Amino acid sequence: MTLGSKIAWDDTVLPFQLDNADIRGRVARLDGVLGNILKQHDYPPVVEALVAEMALLTALIGQTVKLRWKLSLQVQSKGPVRMIATDYYGPSDEGEPARIRAYASYDDKRLTDTAPFDQVGEGYFAIMIDQGTGMVPYQGLTPIAGTSLAECAEAYFAQSEQLPTRFELSFGKATEPGIGEHWRAGGVMLQHMPKASPFAKGTEATGEGGLLHARDLIDDETGENWNRVNILLDSVDDMELIGPHVSVTDLLVRLFHEEQPRVFDAQPVRFGCTCSEDRVRQSLSIYSAKDISTMTTDDGRVTADCQFCGAHYDLDPATVGFEATKAPDDD
């Protein structure tokens, strides 16, 4: 692949459909956007890996949200990594990039030398969708299950949405000639079309902890297609997923040429944070002057830091809260 085509497929999500199998999916490649997410923090390697996996899942799942909608993924756990949170902001207009941001909260003293997912303990995996002003946000959650965040997401779709779903992901630090070590990620998401499996069969759930599994949602008629496509996806290797030397369209042909893959418009994604001084002031507007005084530093300022991008805000306490005595412009 030429350098030009390599750049064209980095930081994009390509939706597709396998017409012969009644299955839809997405292919994602993250490079610069992932680097921008991770450089905002100084995470240990195991935490970086979890954030990278969560960001890749967010890109794959978020591609389906409409313009200006917001999709959030969150893991809350009792393990060393207490929280992983990501946001996907749908494009403002057709053709514009979506934006992703992510961060993790962890106890450095409890981290171990074992696999990244071992740092996640008992807890839950949640997906939230905010459709905008005047709409009630949607939230669904399932217990942490499986051996990866991808398997947690699969369990969520089986349990909460009753959609057979499969993720095949690869992520890690890459080295290319003339380019320093940097993070890359790539993955494929498969999902049975809703009309093929709108409800669970009523059989006993076979997933971990009594949760539904994709296989519990497949009947004999649709099971052959689902199993066949999953076997094809099993043949993919890490370099094909991550690239950069195999385009995502070539990857689909390599894997699913007999299933008649049909691609749709690719969605570019970028790192982006929505924090601002106005948003900080708005969040503080519910507090009285007395409350604000408890938040004031020894230097006589009210400060706030964005957990996603690290932006630092330094405000005059007299300009915040519903009892503010000075205008923000006087700060």
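Residues numbered from 1 in each chain as written. Predicted model: local features only at pLDDT ≥ 70, side-chain atom pairs only at ≥ 80, totals over all residues. Heavy atoms only, no water.

Chemist: How would you sum up the pattern of salt bridges? Please name residues and give values.
Modeler: Evaluated as defined, the whole model comprises 12 salt bridges. Salt-bridge contacts for E48 lead to K173; the nearest nitrogen and oxygen are separated by 3.9 Å. With E48 in helix 3 (residues 45-62) and K173 in strand 8 (residues 165-176), this residue pair connects regions lying 125 residues apart in the sequence. On the accessibility criterion, E48 (11% relative accessible area) is buried. Across the pair E259 and R228 runs a salt bridge, and its minimum N-O distance is 2.8 Å. One end of the pair, E259, is in the loop between helix 7 (248-256) and strand 10 (261-263); the other, R228, is in helix 5 (residues 220-234), and 31 residues separate them in sequence. For E259, a relative accessible area of 3% puts it in the buried group. Each of D10, D31 and R184 takes part in one network of salt bridges that share partners. (Salt bridge = Lys/Arg side-chain N within 4 Å of Asp/Glu carboxyl O. Helix = DSSP H or I, 4+ residues; strand = E, 2+ residues; numbered from the N terminus. Buried < 20%, exposed > 50% of the residue type's maximum accessible area, 1.4 Å probe, protein only.)

Chemist: Hey, could you go over a negative patch on the surface for me, with residue numbers and the actual values?
Modeler: On the surface, D93, E94, E96 and D265 cluster together to form a negatively charged patch. Residue position: E94 is located in the loop between strand 4 (81-89) and strand 5 (98-106). Here E94 falls in the exposed class, since its relative accessible area comes to 69%. (Patch = residues over 30% accessible without salt bridge, like charges linked within 9 Å, V, L, I, M, F, W, Y side chains within 5 Å. Areas by Shrake-Rupley, 256 points an atom, 1.4 Å probe, with all protein chains shown as cover. Lys, Arg positive; Asp, Glu negative; His and termini not counted. Charge placed at Lys NZ, Arg CZ, Asp CG, Glu CD.)

Without other data, these values stay purely geometric and don't point to any function.
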